[in-house]
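Listed below, chain by chain, are the residues.
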Amino acid sequence: MAITVNLPNTPGEAFTFNATSADVSGTEELKAAPTAQSIYLEWILINSVAAITVTILDAAADLLGPFNFAATAPGFVCMKFDPPIKLTAEQALNVDASGAGAVCVAGQGFLR
């Protein structure tokens, strides 16, 4: 269970991320929240080619999902939030899955 998260250098409070893994069946961090700030999620895309469910978490609490994917038909979920979803202060945006399988999660948001 390991995830590779790319956080391109974005100025100020804004951020984007692109994370890929062959197994996110243990909770994996997508974006950490700094002290005294919350993550605001503006959009997210989840893609998988495995027969698993994927859940996006506010720390350890379910935030979005679970989303069901099938091995026979690659699938994706893409959502835009207006207004953005505010996560609990000082809590990370995480991902978890029901088992091993290729997963890609991308998104954008800001800190405040």
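Note that the structure is a prediction, hence the values are computed from the model and not measured.

Student: How would you sum up the side chain of Asp-58? Please name residues and give values.
Tutor: Note that Asp-58 resides in strand β5 (residues 53-58). No salt bridge forms around the buried Asp-58; measuring N to O, its nearest opposite-charge neighbour Lys-86 is 9.8 Å away.

Student: Outline the state of the cysteines, listing residues and values.
Tutor: Under the counting rule described, the total for this entry stands at 0 disulfides. In this model Cys-78 remains outside any disulfide bridge; the closest cysteine sulfur is found in Cys-104, 11 Å from its own. According to the relative accessible area criterion, Cys-104 is partly exposed, its value standing at 21%.

Student: So what's going on with the sheet that holds β5? Residues and values would help.
Tutor: Strand pairing in a sheet relies on backbone hydrogen bonds, with the paired strands running either antiparallel or parallel. Strand order across the open sheet formed by 4 strands is β3-β8-β5-β6, with antiparallel pairing between neighbours. The open sheet has two edge strands, β3 (28-31) and β6 (61-68), and neither has a second partner. This sheet shows a mean twist of 25° between the axes of neighbouring strands, independent of strand direction. Both β3 and strand β8 (residues 93-97) contribute to a ladder of 3 bridges, which runs antiparallel. Each residue of the ladder has a partner; that of Glu-29, found in β8, is Asn-94.

Student: How would you explain the sheet that holds strand β7 (residues 75-86) if you had to name every residue and give the values?
Tutor: Pairing is antiparallel across the open sheet formed by 5 strands, whose spatial order is β1-β2-β9-β4-β7. At either end of the open sheet lies a strand with only one pairing partner, and these are β1 (2-6) and β7. Strand-to-strand twist of the sheet, defined as the mean angle between neighbouring strand axes without regard to direction, takes the value 15°. As paired elements, strand β4 (residues 39-48) and strand β9 (residues 100-111) share 9 bridges and run antiparallel to each other. Following the sheet pairing, Ile-46 is matched in β9 by Val-105.

Student: Give me the nonpolar core: which residues, what numbers.
Tutor: Core analysis: the largest hydrophobic core is formed by 27 residues, its most contacted members being Ile-44, Ile-56 and Val-105. Among the elements that line this core, the one with the most residues is β4, at 4 residues. Those residues in contact with Val-105 that lie beyond four places of it in its chain are Phe-17, Asn-18, Ala-19, Leu-30, Ile-44, Leu-45, Ile-46, Ile-56 and Val-95.

Student: Account for the packing of aromatic side chains, naming residues and giving values.
Tutor: Inspection of the entire model under this criterion finds 2 aromatic pairs. A ring pair is formed by Phe-15 and Phe-17, whose centres lie 6.3 Å apart and whose planes are at 25°; its orientation type is stacked. Comparing Phe-15 with Phe-17, the two get one shared label, buried. Judged by centre distance (4.8 Å) and plane angle (5°), the rings of Tyr-40 and Phe-110 are stacked. Pair noted here: Tyr-40 is in strand β4 and Phe-110 is in strand β9, with a separation of 70 residues, a long-range link. Both residues of the pair, Tyr-40 and Phe-110, belong to the buried class. Looking at Lys-31, its charged tip hangs above the ring of Phe-15, at a distance of 5.0 Å from the centre.

What counts as what
Residues numbered from 1 in each chain as written. Predicted model: local features only at pLDDT ≥ 70, side-chain atom pairs only at ≥ 80, totals over all residues. Heavy atoms only, no water. Helix = DSSP H or I, 4+ residues; strand = E, 2+ residues; numbered from the N terminus. Buried < 20%, exposed > 50% of the residue type's maximum accessible area, 1.4 Å probe, protein only. Lys, Arg positive; Asp, Glu negative; His and termini not counted. Salt bridge = Lys/Arg side-chain N within 4 Å of Asp/Glu carboxyl O. Disulfide = S-S within 2.5 Å. Pairing = 2+ DSSP bridges. Axes fitted to C-alpha atoms, helices over the stretch in contact; angles between N-to-C directions. Core = buried A, V, L, I, M, F, W, Y, C linked by side-chain atoms within 4.5 Å. Contact = heavy atoms within 4.5 Å. Phe/Tyr/Trp six-rings, centres within 6.5 Å; stacked < 30°, edge-to-face > 60°. Lys NZ or Arg CZ within 6 Å of the ring centre and 35° of its normal.

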